[in-house]
Amino acid sequence: DRPELNRTNYKGYCGTELSFITQAPHLGVNIYRLEPGKNIAAHFGSHSRLTVSLGLDVPEGAEATLTVGATGHLWRQGKAMVFDDAFEHSVAHHGTLPRYVLGVMFLHPDAV
C-alpha cells in the first residue's frame, strides 16, 4: 500500500490545494549510469519527493555534477546528497569513465 498524501501541505508550494493529486509519487531505488560527456537536461520531479543520490562509482576527476536550482554539486565516491525533486535539476558528466550513483526516492516529510 502506498501512503495517502496530506494534500494541505501543497498550499505552501502552489498557493492552492492541488485536487488532482490523490496518491503518493513514484518512490523507489535505482542505480543510474551516465556515460562521459553526457548530460541530463534540466527538469522537475515531484513536489512531494526527496531524492538521496549516493556516489557508487565516481572516477577521480570525473567532474560529474548535479545542479539543483543554480547550485552545482560534485558527486564524490561514497558520499550522499539529498535534494528536493520539485526544484529544477540537471546532470553533467565531463569525465572519461562512466559514473554510477544510487538514487533513493522517498516522501518529503511535509507530505505525510
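All of these numbers come straight from a predicted model, not from anything done at the bench.

Definitions and cut-offs
Position numbers for residues start from 1 in each chain and track the written sequence from start to end. The predicted origin of the model limits local features to residues at a pLDDT of at least 70 and limits the giving and counting of side-chain atom pairs to 80 or more, whereas totals for whole chains, interfaces and linings rest on all residues. Water and hydrogen atoms play no part in the side-chain values, which are based on all heavy atoms of the structure. Numbering of helices and strands runs from the N terminus; a helix is a DSSP stretch of H or I covering at least four residues, while a strand is a stretch of E covering at least two. A simple rule labels every residue: compare its accessible area, found with a 1.4 Å probe on the protein chains alone, to the largest value its type can have, and call it buried under 20%, exposed over 50%, or partly exposed in between. Each accessible area is a Shrake-Rupley result for a 1.4 Å probe, and residues are judged covered by the shown protein chains and nothing else. Here, strands pair whenever DSSP counts at least two bridges between them. The convention used is that axes are lines fitted to C-alpha atoms, helices contributing only their stretch in contact, and that angles between N-to-C directions extend from 0 to 180 degrees.

### Regarding the overall build of the protein chain
1) Next: Counting secondary structure elements, the protein chain contains 1 helix and 8 strands.
2) Next: Order of helices (α) and strands (β) in the protein chain, N terminus to C terminus: α-β-β-β-β-β-β-β-β.
3) Next: The buried share of the protein chain, reckoned over its 112 residues, is 37%.
4) Next: Element-wise, carbon and sulfur atoms account for 55% of the exposed surface of the protein chain, whose accessible area totals about 6,700 Å².

### Looking at the sheet that holds strand β1 (residues 28–34)
Consider a sheet: its strands pair through backbone hydrogen bonds, and that pairing is either parallel or antiparallel.
1) Next: Spatially, β1-β8-β3-β6 is the arrangement adopted by the 4 strands of the open sheet, whose pairing is antiparallel. Two strands close off the open sheet at either side, each with one partner strand: β1 and β6 (80–84). Sheet twist, expressed as the mean angle between neighbouring strand axes with direction ignored, is 25°.
2) Next: With 8 bridges connecting them, strand β3 (residues 49–57) and strand β8 (residues 99–107) associate as antiparallel partners. Looking at β8, one finds that Gly55 is bridged to Val101.

### Brief notes about the sheet that holds strand β4 (residues 64–68)
1) Next: Read across the open sheet, the 4 strands follow the order β2-β7-β4-β5; overall the sheet is antiparallel. Only two strands of the sheet have a single partner each, and these edge strands are β2 (39–43) and β5 (71–74). Averaged over all pairs of adjacent strands, the angle between their axes in this sheet comes to 20°, without regard to strand direction.
2) Next: Taken together, the 3 bridges between β2 and strand β7 (residues 89–93) define a ladder with antiparallel strand orientation. Within β7, the residue paired with His43 across the bridge is His89.

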